[in-house]
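# Observations on the three-dimensional arrangement
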Amino acid sequence: MKKLNVLTATVIATVGFTAFSANAQASTLDTVKQRGHVICGTTTGFAGFSAPDDKGEWKGLDIDLCKSVAAAVFGDATKFKTVPLNSQQRFTALQSGEIDVLTRNTTVTQQRDTALGLQSPGVNFYDGQGFLVKKDLGVKSAKELDGATICLQTGTSNENTLADWARASNVKYTPVVFDQFNEVVNAFASGRCDVFSTDASGLASIRISRLSNPDDYVVLPDLISKEPLAPFVRQGDAQWFNIVKWTLQAQFNAEELGVTSKNVDEQLKSENPNIQRLLGVAEGTGKNLGLDDKWAYNIVKQVGNYGESFDRNVGKDSPLQIPRGLNNLWTNGGLHYGLPVR
Ligand SMILES: N[C@@H](CCC(=O)N[C@@H](CS)C(=O)NCC(=O)O)C(=O)O
């Protein structure tokens, strides 16, 4: 009898606790649906990844991920808003609930993925830290940077990575750091430092979009770290984590299967069961995410597959001209591998 009571008490306590946690923390999906749009944390303006165009519309690879989440949730990729954040502000904005998802060139590290109460649902751009220098310095490799002044932005992983690398490589340098992206760019452009160091994708973007004579500058071939750039969500909401995770997976799967924004309607008639499942023609996968079965169809139709987004924003059809490299599909020698949507 006593044993039974203890058991009953435990069951009641567990059920009670679960109910309490669910109430205490409203689901992000419900909040987003009630509000009518998803709020994504972005950079303050980083061409190719997240930046407003001349009409003030936010564009980029990371914006496409944000739009894809909106397409998956609302069936309408325009139902999103951006909150521009510098490197230091980004994690607090997510922790406090100001944004629903951080879609902004953020490197996954063990610390960020655990101790900050945040979690990354998957990598959307594999990168590495590099160096941008003026050509007339005549520097050909990072090892020649001894004695240089190096511009960096505060609150990035780039500060520590550079310090580690310099120590190990016996390179002495003077860091010049600023909180705001514009300040770092202006300092570099005006010659206050010899070198700008951040993710190579960032350097390609700065060179093309922020310097008046891009041809006077070169990104050195050396990469000194791994920078897997990824979206982040808060820990403790598995459904929302899964929505962002599978949004990204839908983009990869669509590319693997040859489904594009142009041919997606024809592909609805495909006999391939993987395409049928992805597009919600057969055996819908939406309910597992709390979404409509057309969630992935809407992503591809309105935003495109990963390759389309890459080419348009940062790749061959963009001013940045970043090669696919590690960001190709695994079938083409890259690292992106769509997990089965089934
Ligand atoms: N991937 C690195 C660096 C990301 C980062 O914040 N880079 C700076 C470039 S120096 C940036 O994007 N700044 C844009 C902004 O603050 O709006 C990280 O996660 O710490």
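A brief report on the enclosed structure follows. Bear in mind the structure is a predicted one, so any value in this text is a computation, not a measurement.

Each value, and the rule that gives it
All residue numbers refer to position in the chain's written sequence, counted from 1. Reporting in this predicted model follows two pLDDT cut-offs: at least 70 for local features of residues, and 80 or more for side-chain atom pairs to be given and counted; totals over whole chains, interfaces and linings ignore these cut-offs and use all residues. Only the C-beta atom matters for this test: placed from the backbone, it must lie within 6 Å of a molecule or strand for the residue to be near it. Put simply, DSSP H or I for four residues or longer makes a helix, DSSP E for two residues or longer makes a strand, and each gets a number counted from the N terminus. Throughout, the ten residues Ala, Val, Leu, Ile, Met, Phe, Trp, Tyr, Cys and Pro are labelled nonpolar, Asp, Glu, Lys and Arg are labelled charged, and all others, Gly among them, are labelled polar. The split into domains, and so the bounds of each, comes from an automatic or database assignment of domains. Whether two strands pair depends on DSSP finding at least two bridges between them. The axes used here are C-alpha line fits, helices contributing only the stretch in contact, and every angle between their N-to-C directions lies in the interval 0 to 180 degrees. Note on contacts: residues are paired as contacts if their backbone-placed C-beta atoms lie within 7 Å.

## Looking at the site of the ligand
Near the ligand you find 19 residues, and of these T43, T44, S87, Q153 and F181 are the closest. When residues of the shell around the ligand are traced back to their parent elements, those giving at least two are β5 (101-107), α6 (181-189), β11 (195-199) and β13 (227-234). Here the shell around the ligand gets 3 residues from one element, more than from any other, and that element is β5. Across the shell around the ligand, the residue classes break down as 4 nonpolar, 13 polar and 2 charged. Residue assignment places the shell around the ligand across two domains, with domain 1 (28-107 + 237-317) and domain 2 (127-227) each supplying three or more.

## Comments concerning the sheet that holds β11
The strand order across the open sheet built from 5 strands is β10-β9-β11-β8-β12, with neighbouring strands paired in mixed fashion. Each of the sheet's edge strands pairs with one partner strand only, and the pair in question is β10 (173-178) and β12 (217-219). Neighbour-to-neighbour, the strand axes of the sheet open up by a mean angle of 30°, direction not taken into account. Strand direction decides the pairing type here: strand β9 (residues 148-153) and β11, joined by 2 bridges, are parallel. Looking at the pairing, C151 lines up with F196 of β11. Sheet contacts for helix α7 (residues 200-210): β8 (129-134), β11 and β12; angle to β11, the most-contacted strand, approximately 130°.

Everything listed is a geometric property; what it means functionally is a separate question.
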